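Take a look at the letters that make up each chain.
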There are 2 protein chains.
Amino acid sequence: MPIRLALVGIGKIAQDQHIPALQANKSFELVAAVSRSGGIENLPCFADIGDLLASGLDVEAVSLATPPQGRHAIARAALEAGLHVMLEKPPAATVSEVADLAARARDAGVALFATWHSREAASVDAARKWLAGKTLRSARIDWREDIRVWHPGQEWILQPGGLGVFDPGINALSIATAILPEALLLQSARLEFPANRQAPIAAELSLRSGETPVEAAFDFLQTGPQSWDIVVETDAGRLVLSDGGQRLAIDGAEVSAGANEEYPRLYRRFASLVRENASDVDLTPLQLVADAFLLGERIEASPFSF
Amino acid sequence: MPIRLALVGIGKIAQDQHIPALQANKSFELVAAVSRSGGIENLPCFADIGDLLASGLDVEAVSLATPPQGRHAIARAALEAGLHVMLEKPPAATVSEVADLAARARDAGVALFATWHSREAASVDAARKWLAGKTLRSARIDWREDIRVWHPGQEWILQPGGLGVFDPGINALSIATAILPEALLLQSARLEFPANRQAPIAAELSLRSGETPVEAAFDFLQTGPQSWDIVVETDAGRLVLSDGGQRLAIDGAEVSAGANEEYPRLYRRFASLVRENASDVDLTPLQLVADAFLLGERIEASPFSF
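Because the structure is a prediction, the values reported are computed rather than measured.

The number of helices and strands found in chain A is nine helices and 15 strands. Taking 19 Å as the expected radius of gyration for a compact globule of 306 residues, we find that chain A reaches 19 Å, a close match to that expectation. Its C-alpha atoms give chain A principal-axis dimensions of roughly 60 × 45 × 35 Å. Across the 306 residues that make up chain A, the buried fraction comes to 56%. For chain A, the share of sequence-separated contacts (at least 6 apart) that also reach a separation of at least 24 residues comes to 71%. Carbon and sulfur atoms make up 47% of the accessible area of chain A, which amounts to about 12,000 Å² in all. Of the side-chain charges in chain A, 27 are positive and 39 negative, and the distance between the mean point of each set is 2 Å.

On to the interface of chain A and chain B, then. In this complex, chain A contributes 35 residues to the contact, which on the side of chain B involves 35 residues. The largest per-residue losses of area from chain A upon contact with chain B belong to A:L185, A:L294 and A:R298, which jointly make up 24% of the total buried on that side. Applying the counting rule to chain A against chain B returns four salt bridges. In this structure, A:R104 and B:E182 form a salt bridge, with 3.9 Å as the shortest nitrogen-oxygen distance. For the side of chain A that touches chain B, the secondary structure elements donating two or more residues are α3 (71-80), α4 (95-108), β8 (184-194), α9 (284-295) and β15 (297-301) of chain A. The dominant element in the side of chain A that touches chain B, judged by the number of residues it contributes, is α9(A), at nine residues. Residues that form the side of chain A that touches chain B fall into these classes: 18 nonpolar, eight polar and nine charged.

Attention shifts here to the relation of the copies chain A and chain B. Two copies of one chain are present, and they are related through a rotation about an axis combined with an axial shift. Once chain A is rotated about the relating axis by 180° and shifted along it by 0.0 Å, it coincides with chain B to within an RMSD of 0.0 Å. What we have between these two chains is a two-fold relation. Of the residues that chain A buries at the interface, 100% are likewise interface residues in chain B, meaning the two copies contact each other through the same surface.

Attention now goes to helix α5 (residues 124-131) of chain A. Along an α-helix, a turn takes 3.6 residues, which lines up residues three or four apart on a common side. Residue and element names in this part refer to chain A. Within α5 the residues assigned to the buried category are V124, A127, W130 and L131. Along the axis of α5, the buried residues cluster in a sector spanning 130°; they form a single face. Lining the buried residues of α5 we find β7 (136-144), α7 (166-179), β11 (227-234), β12 (237-242) and β13 (247-250). Directly beyond the C-terminal end of α5, a positive phi value near 85° is found at G133.

Attention shifts here to the packing of aromatic side chains. Evaluated as defined, the whole model comprises 16 aromatic pairs over all chains. Their ring planes at 25° and their centres at 6.4 Å tell us that A:F113 and A:F270 sit as a pair that is stacked. Of the two residues, A:F113 sits in strand β6 (residues 112-114) while A:F270 sits in helix α8 (residues 262-276), which places them 157 residues apart along the sequence. Overall, A:F113 belongs to the buried group, its relative accessible area being 4%. On the basis of an interplanar angle of 50° and a centroid distance of 5.7 Å, the ring pair of B:F166 and B:F293 is categorised as tilted. Of this pair, B:F166 sits in helix α7 (residues 166-179) while B:F293 sits in helix α9 (residues 284-295), and the two are 127 residues apart along the sequence. Ring-pair connections join several aromatic residues into one group, and the members of that group are A:F28, A:F113, A:Y267 and A:F270.

Using the residue numbers shown here, the UniProt feature "domain: Gfo/Idh/MocA-like oxidoreductase N-terminal" (unreviewed entry) corresponds to residues 3-113 of chain A. With 38% helix and 23% strand, residues 3-113 of chain A has its two end C-alpha atoms placed 15 Å apart.

Residue and element names in this part refer to chain A. As assigned here, chain A comprises domain 1 (3-114) and domain 2 (119-258 + 290-301). Computed over C-alpha atoms only, the centres of domain 1 and domain 2 are separated by 27 Å. Between domain 1 and domain 2, the buried area comes to about 700 Å², and carbon and sulfur atoms account for 61% of it. Inspection of the region where domain 1 meets domain 2 yields one salt bridge. A salt bridge links K89 to D167, with the nearest nitrogen and oxygen atoms 3.7 Å apart. Among the residues making up the side of domain 1 that touches domain 2, the classes are represented as four nonpolar, one polar and two charged.

Another aspect to go through is the sheet that holds β7(A). Residues and elements named next belong to chain A. A sheet is described by the order of its strands in space; here nine strands give the open sequence β14-β13-β12-β11-β7-β10-β9-β8-β15, paired in mixed fashion. Where the open sheet ends on each side, the last strands, each with one partner, are β14 (253-255) and β15. Across this sheet, the average inter-strand angle for adjacent strands is 15°, counted without regard to direction. Judged from the eight bridges that link them, β8 and strand β9 (residues 202-209) form a sheet pairing that is antiparallel. Following the sheet pairing, L184 is matched in β9 by S209. Packed on one face of the sheet, α7 meets β7, β8, β9, β10 (212-219), β11 and β12 and runs near 155° to β7.

Turning our eyes to something else, we now look at the packing of α5(A) against α7(A). Residue and element names in this part refer to chain A. Between α5 and α7, the least distance of the axes is 9 Å, while the angle of their chain directions is 40°. Our classification of the angle between α5 and α7 gives oblique. Contacts from V124, A127, R128 and L131 in α5 reach I175, A178 and I179 in α7. The residue makeup of the contact of α5 with α7, split by class, is six nonpolar, no polar and one charged.

With that settled, the discussion passes to the pattern of salt bridges. Note on pairing: side chains with opposite charge can pair once their charged atoms come close. Residues and elements named next belong to chain B. Summed over the entire model, instances satisfying the criterion amount to 46 salt bridges over all chains. For R4, the salt bridge is made with E29, and the minimal N-O distance between the two is 3.5 Å. Taken together, the residues R4 in strand β1 (residues 3-8) and E29 in strand β2 (residues 28-34) connect sequence positions 25 residues apart. Classification of E29 by relative accessible area gives partly exposed; the value is 35%. Residue E261 is joined to R268 by a salt bridge in which the shortest nitrogen-to-oxygen separation is 3.5 Å.

Among soluble globular proteins, nonpolar side chains are generally buried collectively. In this structure, A:F166, A:L205, A:F218, B:F166, B:L205 and B:F218 are the most contacted members of the largest nonpolar core, which totals 116 residues. Beyond its immediate stretch of four places on either side in the chain, A:F218 contacts A:I141, A:W143, A:V165, A:F166, A:G169, A:A172, A:L173, A:A202, A:A203 and A:L205.

To continue, consider the confidence of the model for chain A. In the predicted model, chain A carries a mean pLDDT of 96, and the fraction of residues at 70 or more is 100%. Two summary scores accompany this predicted model of the complex, namely pTM at 0.94 and ipTM at 0.92.

Our focus in this paragraph is the sheet that holds β1(B). Residue and element names in this part refer to chain B. Judged by pairing direction, the sheet is parallel, and its six strands sit side by side in the order β3-β2-β1-β4-β5-β6 without closing on themselves. Every other strand in the sheet has two partners, leaving β3 (45-46) and β6 (112-114) as the edge strands with one partner each. The pairing of strand β4 (residues 61-64) with strand β5 (residues 84-87) spans four bridges and is classified as parallel. Following the sheet pairing, V62 is matched in β5 by V85. Sheet strands in contact with helix α1 (residues 12-23) are β1, β2, β4 and β5, and its direction is about 175° off that of β1.

Conventions adopted
Residues numbered from 1 in each chain as written. Chains lettered and ligands numbered in written order. Predicted model: local features only at pLDDT ≥ 70, side-chain atom pairs only at ≥ 80, totals over all residues. Heavy atoms only, no water. Helix = DSSP H or I, 4+ residues; strand = E, 2+ residues; numbered from the N terminus. Rg over C-alpha atoms; globule rule 2.2 N^0.38 Å. Buried < 20%, exposed > 50% of the residue type's maximum accessible area, 1.4 Å probe, protein only. Contact = heavy atoms within 4.5 Å. Areas by Shrake-Rupley, 256 points an atom, 1.4 Å probe, with all protein chains shown as cover. Lys, Arg positive; Asp, Glu negative; His and termini not counted. Charge placed at Lys NZ, Arg CZ, Asp CG, Glu CD. Buried area = accessible area lost by both parts, 1.4 Å probe. Salt bridge = Lys/Arg side-chain N within 4 Å of Asp/Glu carboxyl O. Nonpolar A, V, L, I, M, F, W, Y, C, P; charged D, E, K, R; others polar. Least-squares fit on C-alpha atoms with pLDDT ≥ 70 in both. Arc of directions from axis to C-beta. Phe/Tyr/Trp six-rings, centres within 6.5 Å; stacked < 30°, edge-to-face > 60°. UniProt positions renumbered as here; feature names shortened; annotations may be inferred. Domains from an automatic or database assignment. Pairing = 2+ DSSP bridges. Axes fitted to C-alpha atoms, helices over the stretch in contact; angles between N-to-C directions. Parallel < 35°, antiparallel > 145°, perpendicular 65-115°, else oblique. Core = buried A, V, L, I, M, F, W, Y, C linked by side-chain atoms within 4.5 Å. pLDDT = per-residue confidence, 0-100.

Given below as structure tokens:
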């Protein structure tokens, strides 16, 4: 029997990724949408999680693709109703909220999956395996994209809790924490806040993974070529993981990668977790972002408008 | 046999609290100081942790009373040398650093104690017990002190990683997370940064503990009467915990409290942890502060000088 799932938050990421991945996965039956603005053709649509839970509709799991600021309240209501919950990244607006949800899922005996979709990119596993056992000399993360192209009009991203440039940057950190052999620790950070905004538009981080220095540059104002690259120098050559984890090259030689299956892989994993009533909640990427806000030097940048 | 301990960081808190508490505790023998500026009469003093470890001096544990920004490196070196470690609050400069130290202590099989001295204040246990099982209506934290009186010239407090007004404020959060029955979650925050400083001088937080609203005000520029108070309204009356956890009153009637024994209690607990090779590391207070930086609205305040 497929898992009866409702999708909460029908925005760009739901349309582009969640709905196609769910429709192609026989382990799930998509039975409803929860959204104030959108909906899914031929399915019932509820205004909020309360209406869904009060409807009596037979549903076992929800997947949340809403902005992070309201996600804790929705997830909490679903967990209290005994539903399994999958969360888009970042899993909530604060680290404490994620820790609270993990404890509630444990108490309720249901599955909670805090997803990091970039970890499922085609070449991330191969990069992790290649780095294991090598001596690392340094690493560099460059995550530079044009907010106006990739997040047109998404005001919430630059509001408190929206993470600003860390909304894409956390994808880089989710990959780096997965492929580097030792825990990633922040040493210092510089965050650029537009004068009229409450979230950073650019950031530079100095980190270490064990003894290996790791420099990261995140930029939300990159026009022209975009970059989502991680480069690691090792005693056995240079690893370049590019296109957000899709492509891998060792010393310039491309390693063939599989297809881009980030969301199909996430839903396959969620199906396994639901069957085992198990959770997968890794706080590390959001913790590093919170640490960057905690420790970072703040620099005022030009006002920004979409 | 007493535990042979070296005290690292001989500043104001070491002189006022750690040294007297250690000298009065028969479970410990204070065998050395590590400090570039101070020292302890009649004891060897080393410039840094490396010199202590290289000296061959028989030492089993260290207690760190240095500023938080350099604490991870010192603690890591001590843990790698197989020493038990006690940390002043906040335990490190970032949440990730504390999580990393906890993992290293586990791997090394030694004790790590991330202390929260205010939790040991005379009336905190009584407040927690009184609140258990009551219905909470609201709570309010007022933590207002004069930085020039309590932290004269401590520039590190207003540097990145020094936490600013959260250096005292985290004491309030350490108490609140200990006495309130449900997890404390941040809803919103306003942080005032002096134009010439990289840490907040004042903050207002809106939190919830379950359904109970909790408002917190932290101010580092309070002249005149100082306040370190937590007030909780319940269905069974009003609890007032004042003087940083020392005094407790229920509906205006003072409940008698024991003596102020914060640091003696911390060292008694550390002795137990060392004997069991066990750790006590609660990330929650620092996580809430990081969340406040992550989610908080930033407001520019007047420049500050000591």
